[in-house]
Amino acid sequence: MTPAEYYQRDRRLHPPALTPDYKTSVARSPRLSLISLQGSMSEITGPTFGHGDISPIDNDLIKNYAKDGDPIGERIIVHGRVLDENARPVPNTLVEVWQANAGGRYRHKKDSYLAPIDPNFGGCGRTITDDNGYYFFRTIKPGAYPWRNWVNNWRPAHIHVSVFGHAFCQRLITQLYFEGDPLIPICPIVQTIPDPDAIDRLTAKLDMNAGVPLDSIAYRFDIVLRGRRSTMFENRLEGN
């Protein structure tokens, strides 16, 4: 039986491809209209990941690259749930993160920012959601960094997030920001998003109840993926 299709994306909520205040979008934006394609069988039925694909400390960025001690910076927890558009949990899905260190520098050969590399921080992690769609990372809060958009633009502290979902058509790559960061409203990339509520949904909220006393501050960031057009019957997806 053919699996149910996923909801179409509402592109009115997405930033337009051409946003001149974000200068590199000028060269990257398409010149012709996008082509809409129906999801193929391979796009709506895979991929599949399991716990055998990750190690026990892949979600602990404080420990997973450490050589001779812990990395420098503010220790934080980032956690939340991955849900679909019907508010159903998305279990057993791969969540990956990558980020700059506490000084605002990535471990990448093309990052030339003057902040030092932290020898004990790799800046990458991954985990798989549990049966309730829950995920958890321990890391160092990333620093802001300058970029040559205009003369003196700075990117807010952020963490890149990739979620595969249960199918390639659910794949989401985004960034999370941190509640209260004064750089968010003046970042040219953030301001390409037309909906203020959407910006709020990209902002991880302080969650003191999930923190570890004398150790880590916590932030909650829930992620919503495209949902299937499926009818629920006795808690089962009929037709899937």
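See the structure shown above.
Definitions and cut-offs
- Residues numbered from 1 in each chain as written.
- Predicted model: local features only at pLDDT ≥ 70, side-chain atom pairs only at ≥ 80, totals over all residues.
- Heavy atoms only, no water.
- Helix = DSSP H or I, 4+ residues; strand = E, 2+ residues; numbered from the N terminus.
- Rg over C-alpha atoms; globule rule 2.2 N^0.38 Å.
- Buried < 20%, exposed > 50% of the residue type's maximum accessible area, 1.4 Å probe, protein only.
- Phe/Tyr/Trp six-rings, centres within 6.5 Å; stacked < 30°, edge-to-face > 60°.
- Lys NZ or Arg CZ within 6 Å of the ring centre and 35° of its normal.

*Asks:* So what's going on with the overall build of the protein? Which residues, and what values?
*Replies:* What the protein contains, in helices and strands, is three helices and 13 strands. For 240 residues, the compact-globule estimate of 2.2 N^0.38 gives 18 Å, and the C-alpha radius of gyration of the protein, at 19 Å, lies within 12% of that figure. The C-alpha extent of the protein, read off along each of the three principal axes, is 55 × 45 × 30 Å. When the 240 residues of the protein are sorted by exposure, 43% land in the buried category.

*Asks:* Run through unusual backbone geometry, naming residues and quoting values.
*Replies:* In this structure, Ala 87 takes a positive phi of about 65 degrees despite not being glycine. Looking at the element boundaries, Ala 87 is found in the loop between strand S1 (75-84) and strand S2 (94-99). Note on Ala 87: relative accessible area 55%, which makes it exposed. A positive phi is found at Asn 92, a non-glycine position, where the angle reads about 55 degrees. Its place among the elements puts Asn 92 in the loop between S1 and S2. The partly exposed category is assigned to Asn 92, whose relative accessible area is 38%.

*Asks:* Quick rundown of the packing of aromatic side chains? Include the residues and the values.
*Replies:* In total, this model carries six aromatic pairs according to the counting rule given. Centre to centre, the rings of Tyr 22 and Trp 147 are 5.8 Å apart; their planes meet at 75 degrees, and the pair counts as edge-to-face. One end of the pair, Tyr 22, is in the segment before helix H1 (24-28); the other, Trp 147, is in strand S5 (residues 145-147), and 125 residues separate them in sequence. Under the relative-accessibility criterion, Tyr 22 is labelled buried at 19%. Since its relative accessible area comes to 17%, Trp 147 is described here as buried. Directly above the aromatic system of Tyr 65 lies the positively charged group of Lys 67, at a separation of 3.3 Å from the ring centroid. Directly above the ring of Phe 178 sits Lys 141, whose terminal nitrogen or CZ lies 5.1 Å from the centroid.

Such coordinate-based values are descriptive only and should not be taken to indicate function.
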